[in-house]
Amino acid sequence: MPKPNKLKTAVYELSEKGYVKVGEETSDQSTMGASANPYQTDGQINTDSAKMLFLRGNPFMYNSKTAAYQITSVEEYLIKIRKQEMAFGDVLRNPEFTRRKRRKLIKQAFQTWDKQYNTQKKTVFTENEKTVDVIGDVNFMKISLGMKLLIIFLFGLMIFIISTDSFLWEKIAEHNFGFRIYNQLIGIFEGASWLKIVGNLTTYLLILFIFYAAIYTMISTDYVKEYKMAQNYLKKSEKTISRQYKKKSQKARKYYLSYINSKKPFIAPLDIKAVEEGQVNIATFDRVRQVTVDRAYKLKKSRPIYVGIKNIFLFLSVGGAATVIGYALFKMIISVF
Amino acid sequence: MQFIETFNFDIIIILVLIASVTAGVYYSLYRQARKTLALVVPFIGLYFLYGLVMGFIQDTPAIYDVTNKVFGWIAKFLGLLAYKNIMITGFVGLILYLAMAGIIILIYGFFPITVEKRVLAKTKPFSRVVAGLLGFINGYIIVIILMAVLKPIATIDYDRPLTAVMNETSNVYIPISKLNEIQNANIEKYEKYKDAFDFLSGKQAAAAYEALAEISDDFQTLNDYFETTMYSQLGVDSQALVDAQLIGTDFVSAFLTEVDGTMVLSDVLTEEADNPEISSITEKLTYLKNNKGYWLFLSEILENDFDTYDFSSISESLSTNSEVISAEFVGVRERDLFLKRRDDLANFASHFSQFTVLADDAAIVNLPTYKTSFSDLLIDAERLNAYAAAFLATEFTETSPLIQTLQSAFGEYSRNQETIGLMNPWMALESRIILAHRNAEWMTAKTWETQPLLKSYMTDTLTGISTGGFGLYHEYFFYTYLAGEVTFADGFDVTDFASVLSQLETVVASGTMSADAAISYIENLFLYPSSVINVWEERGNLSPTLFDDIYAMNHAYLSEELKTLLGG
C-alpha cells in the first residue's frame, strides 16, 4: 500500500471558455476522490442507472447536440478496472494507484475506446459497402430520350390533325395538294365523329403522359442524384471521420499521459468538446446510408406501379394516335382508288 | 359528348397546373424556389433590359445588318418572311432570358443545402405548401408559353373559361402573354366579330348576291366571246363536237354538256392541245368547268334573268336546289364557295325582317338601302347605342352562332360604350370593341411602342398583310396616329392623304416606325381588300380623282410599286 501524499489540488470551474482554474487546495489524497467527484473510490455511482449506462460508452462518440446527457469532460466516462467501474477522472487522480498503474489504466482506457470506436466504424462502413452492392444499378427507371421525343412528336401531330382550323392547315390548304388532303380529313372527321373523340382523348392522354414522364424522370433522376450525393458524402465522410478520430484520440491520450509523466500535481479535466464527434460522424454516416437504402427500397418496391402506369399510358396514347393516323391514311388511300 | 368532340385547351391548362403543383410539392421549397426564380426573374430582367438591348442592336449597324441578313435567310427558308422582325426580337429575348435564368441558377448554386439536410431532413408541410404555390406560378407561365407555341398548330378557343382567364391576365411583364393576346386572341376575336358584323350589315349577303350577278354577266360575256372569237379558233373536229350539242347560240351549254360521261369542253381541250391559242381556250373553258353549278342555276333553275330577282328570292331558290347545284361542281373549292354564298344569303334572308325592325329606318326597302342605313348607323354614336340595347333585348327567332357572336359583341359594346364613344367613329365597330377592352394600353400608354416584342409584331403586321393582324391594327394605327386632322364627313381627298403622310413622317421621326415600314404600310393601305381606303371607296367617300392625284404626288413614302398599282 503506497504512502498517502499531501497533494495540492487545483480547483477548476466550467465557464464559457472551458475549464478555468479558480484556486488551489491542499488535501489528503485519500479523501479527495470522494469530495471532488460524484463517483466514489469503490466505484459506487450516485447517478441513475441510465446515465451510468451512458457513461460506459465512448467519449469519442459523444455528440453534445444529440446526447441524452450533457457531459462536460472525458473524465466523467466510466472505465473498467478488473471487476470494478470507475470514472476516468477518478482513476487519474486516485492516490491509491501508483503513477505506473495510472499510466497503464489510461493506456488501457484509450485502447478500449479505440477498439470500440473502430469496431463501430468498421461495422457501419462495411454495411455501407454492402448497401452499394445490394442497391446496384441506380438507373433502373429511365424513359429513353427517344421515347420522350416520340411522345412530344405524337402530341404535336395529334393536335395538328384534330385542329383543322389552325394557322398551319390554313397555310397548307392554300396549295392544291394540301387543300385536297385538308378536305379529305374534314370529310373523314365528319363521317366518323368517333375519330375526333379518339383524337381529342389521345391528345389529352399524350400531354398527361408527357407530364407523367416528366414526373417519373424527376423522381428517378432525383433518386439517382441523391444516391450519388450520398455516396460521395459517405466516401468523403469515411476519410474525415477516421482522420478526425485519430487526431482527437491521440491528442487526448497525449494530454493525460504527459500529465502522468510530468509529475504535475494537477491537471484540468479535458473538455468533452476536444474529443466529441465532429459534424461528420458515424451516426450521421449511418443515417445517410440508412435513408439511401430506404429510398432505394421504396423506389424498387413501387417500380412495378410506375412502370405499369407508364406502359398503360404508352399503350393507350400510341394506340390512340395509331388509330387516328391509321384510319385517316386508310380512308385517304381508299379514296384514291 | 360536345365536351370531348372539340379540342379544349382548358383541359391542357388543368393538366399543366396539376403537374406543376405536384412537382412543386415533390421538390419542396428550396428546390422549387430555384425553378420558380429561374423561370420568373428573367421576365422581370427582360422588362428592364429588353428595350435597351434591342435599342443597342438596332443602333449598331454591324450587329443589326448581320442579324437582319441571317434572319432574312432563315425566314425566307421557312416561308415566314412576314415575321422577320418578331423572329429577331424573339431570338434576342430568348437568349437574354436563358442567360438570366442561367445566372440565377448559378447564383442559387452558391447557397447549397448540405447533403445531410437534403438526404436526412424531413420536409415540413409548410415548405411543401409554399412550393406547391410556386409550382402553380411555374404552371401558369408554362401554360402561357404553351399557348404561344401551340397556337400555329392548334385551335385554341379563347372563350373557354380557363383560357379566357389566361388571356385576361396577360401583362407586359410576361411579354409572350401580351404577344399572345395581340397576335392571336385579338385577331381571332376580330375575325369572328368582323364575320358577324359583315353578316349583320348585309355585306356578306350583298357580296354573295353580287358574286352571282357577276358570274351571270361572265357567262353572257363568255358566250359572246365563244360565238365571235373562240369558235373560229377551234379545229374542225372540235367545232363538230360543239355543233353536235349547240342549240341556237348557247355555246356555254354546248361546252358543258356531258357525252358518255365526259364534258364536251374536256374533249375540245384534248383536241386543241396543239392550238396556238390553247392558253386562252383553256382559261375560258376551265372557268366554265369550275362554275358549272352556277350555269345550271342561272340557265335552268331561274326562269328569268338574274337581275330580275332580289336577294331573298335568289336565296330561296339556291337553298331549294342546293343539292342539285352543288353536285355539278367538279372542284371542292368551288363547291365550298358556292355553299358559303348560299349560307350567307340564307342566313341574312332569315333575319332580314328582324334586322330591318332593329335598324328603325323608314328608308330601308331592300338590301342596298339596308346596307347604306347600317353603315350610317355605325358612325352615329347615339343611334348605335340605342341599336345595341335593342339588339340585346331582342329575342331572335333563330339563334345561330352568328347571332350569338353579335350578342356577345354588343354586350361588350354596351359595357365599354363610353370608351368606344371616344374613338374615331369611322373605325370599324369590331376594331373599336376589341381595342376598347384594353383602351388605356392602346390609346393612352400605347404599350406596344415600348415593348420590343409587341413593337416587332406591330411592325410585321403593319407591313405585311399575310400576318393576319393587318385588318385590325392598320385601322388602329391609321385612326390613332395618322387621321387626326382628317374630317371624313366631307370625303377623303388628296389633301387629307397629304395630311396622313405628314403625320406618318412625324411617327417615323419619333422612332415609332421605320421609313421602310412606313412605305410598306402605305402600299398595304391600297392592297388590302378591307383597308380603310377600300372601305371608303366602297362607301363612296373617296374623292373620284384621289388615285390619280396620289399618282401625281411625289413623296418618299410612295413607292414605285404603289405608283404602278395606282397608275394601272
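In this text, all values refer to a predicted model and were calculated from it rather than measured experimentally.

### Concerning the overall build of chain B
Each helix and strand counted, chain B has 31 helices and 2 strands in total. Principal axes of the C-alpha set define a box for chain B whose edges measure 100 × 60 × 55 Å. Counting all 568 residues of chain B, 35% fall into the buried class. Counting only contacts in chain B whose residues sit at least 6 apart along the sequence, the fraction spanning at least 24 positions is 70%.

### Considering the overall build of chain A
Counting secondary structure elements, chain A contains 9 helices and 4 strands. Listed N to C, the secondary structure of chain A is β-β-α-α-β-β-α-α-α-α-α-α-α in terms of helices and strands. The long-range fraction of contacts in chain A, counting pairs at least 24 apart against all pairs at least 6 apart in sequence, stands at 71%.

### Points about the pairing of strand S4 (residues 84–87) of chain A
In regular strands, side chains alternate between the two faces of the sheet. Residues and elements named next belong to chain A. Sheet topology note: the strand S3 (residues 78–81)/S4 ladder contains 4 bridges and is antiparallel. Counted as the bridge partner of Ile79 is Met86 from S4. Adjacent in sequence and paired antiparallel, S3 and S4 are bridged by 2 residues, among which Arg82 carries a positive phi angle near 50°.

### Focus: the interface of chain A and chain B
Contacts between the two partners involve 32 residues from chain A and, on the opposite side, 22 residues from chain B. For the side of chain A that touches chain B, the secondary-structure elements that each account for two or more residues are helix H5 (145–162), helix H6 (167–172), helix H7 (176–191), helix H8 (193–262) and helix H9 (282–336) of chain A. Of the residues forming the side of chain A that touches chain B, the biggest block, 17 residues, is contributed by H8 of chain A. Class assignment of the residues belonging to the side of chain A that touches chain B gives a composition of 20 nonpolar, 8 polar and 4 charged.

### Concerning helix H2 (residues 9–59) of chain B
Each α-helix winds once per 3.6 residues, and so residues spaced three or four apart point in a common direction. Between its first and last C-alpha, H2 of chain B extends only 41 Å over 51 residues, short of the 75 Å set by a 1.5 Å rise per residue. A maximum bend of about 125° is found in H2 of chain B at Ser28 of chain B.

### Topic: unusual backbone geometry
Excluding glycine, most residues fall at negative phi; most peptide bonds, likewise, are trans. Residues and elements named next belong to chain B. For Ser28, which is not a glycine, the phi torsion comes out positive at approximately 70°. Checked against the element boundaries, Ser28 lands in helix H2. The residue Asp360 is not glycine, and still its phi comes out positive at about 50°.

### Remarks on the domain arrangement of chain B
According to the domain assignment, chain B contains domain 1 (2–180), domain 2 (227–342) and domain 3 (446–568). On a C-alpha basis, the centres of domain 1 of chain B and domain 2 of chain B stand 56 Å from each other.

### A closer look at the environment of Ala273 of chain B
All names here are of chain B. Structurally, Ala273 is set in the loop between helix H12 (264–271) and helix H13 (278–290). You can call Ala273 exposed: it has 8 C-beta atoms within 10 Å. Taking the C-alpha atoms as reference points, Ala273 and Ser315, separated by 42 residues in sequence, lie 40 Å from one another.

### Describing the packing of H5 of chain A against H9 of chain A
All names here are of chain A. It is the contact of H5 with H9, at a shortest axis distance of 11 Å, that shows an interaxial angle of 40°. It follows from the interaxial angle that H5 and H9 lie oblique. Judged by the twist between their axes, the crossing of H5 over H9 is left-handed. In this structure, H5 contributes Leu154, Met158 and Ile161 to the contact, and H9 contributes Ser317, Val318, Ala321 and Val324. By residue class, the composition of the contact of H5 with H9 is 6 nonpolar, 1 polar and no charged.

### Observations concerning helix H3 (residues 61–78) of chain B
All names here are of chain B. Along its 18 residues, H3 runs 25 Å from first to last C-alpha, staying within 8% of the 26 Å computed at 1.5 Å per residue. Counting buried residues in H3 gives 1 out of 18 residues, a small share hidden from the surface. Immediately downstream of H3, the backbone of Gly79 shows phi near 70°, a positive value.

### Describing the confidence of the model for chain A
Residue and element names in this part refer to chain A. Of all residues in chain A, 82% have pLDDT values of 70 or greater, and the mean over the chain is 78. Element-level pLDDT for chain A is lowest in helix H1 (residues 29–36), with a mean of 36, against a maximum mean of 92 in H5. Across residues 25–46, confidence stays below pLDDT 50; counting only partners more than four residues off in sequence or on other chains, it has 43 contacts.

### Some words on the packing of H5 of chain A against H8 of chain A
Residues and elements named next belong to chain A. In the contact formed by H5 and H8, the axes pass within 9 Å of each other and the chain directions differ by 150°. Viewed along their axes, H5 and H8 adopt a mutual orientation that is roughly antiparallel. For the pair H5 and H8, the crossing hand works out as left-handed. Listed contacts from H8 to Lys148, Ile151, Ile152, Leu154, Phe155, Met158, Ile159, Ile161 and Ile162 of H5 are Lys196, Gly199, Asn200, Thr202, Thr203, Leu206, Ile207, Phe209, Ile210 and Ala213. Classifying every residue of the contact of H5 with H8 by side-chain character gives 13 nonpolar, 4 polar and 2 charged.

### Examining the environment of Leu222 of chain B
Residues and elements named next belong to chain B. Inspection of the secondary structure assignment puts Leu222 in helix H9 (residues 203–233). Counting along the chain gives 294 residues from Leu222 to Asp516, while the straight-line C-alpha distance between them is 43 Å. Sequence-distant contacts of Leu222, defined by excluding residues within four places in its chain, comprise Val252, Lys284 and Leu288.

### Observations regarding the environment of Phe352 of chain B
Residue and element names in this part refer to chain B. Mapped onto the fold, Phe352 is located in helix H17 (residues 332–359). For Phe352, a count of 19 C-beta atoms within 10 Å translates into the label partly exposed. Taking the C-alpha atoms as reference points, Phe352 and Asn366, separated by 14 residues in sequence, lie 9.4 Å from one another.

### Description of the confidence of the model for chain B
All names here are of chain B. Averaged over all residues, the pLDDT of chain B is 91; the fraction at 70 or higher stands at 99%. Mean pLDDT per element in chain B: helix H1 (residues 2–5) is the minimum at 71, and helix H22 (residues 429–437) is the maximum at 95. Across the whole predicted complex the pTM is 0.80, and at the interface the ipTM reaches 0.81.

Calculation rules
- Residues numbered from 1 in each chain as written.
- Chains lettered and ligands numbered in written order.
- Predicted model: local features only at pLDDT ≥ 70, side-chain atom pairs only at ≥ 80, totals over all residues.
- Helix = DSSP H or I, 4+ residues; strand = E, 2+ residues; numbered from the N terminus.
- Buried ≥ 20, exposed ≤ 12 C-beta atoms within 10 Å, placed from the backbone.
- Contact = placed C-beta atoms within 7 Å.
- Pairing = 2+ DSSP bridges.
- Nonpolar A, V, L, I, M, F, W, Y, C, P; charged D, E, K, R; others polar.
- Expected span 1.5 Å × (residues − 1).
- Bend = angle between axes of the 7 residues up to and from the residue.
- Domains from an automatic or database assignment.
- Axes fitted to C-alpha atoms, helices over the stretch in contact; angles between N-to-C directions.
- Parallel < 35°, antiparallel > 145°, perpendicular 65-115°, else oblique.
- Left-handed = near helix turned anticlockwise from the far one by under 90°.
- pLDDT = per-residue confidence, 0-100.

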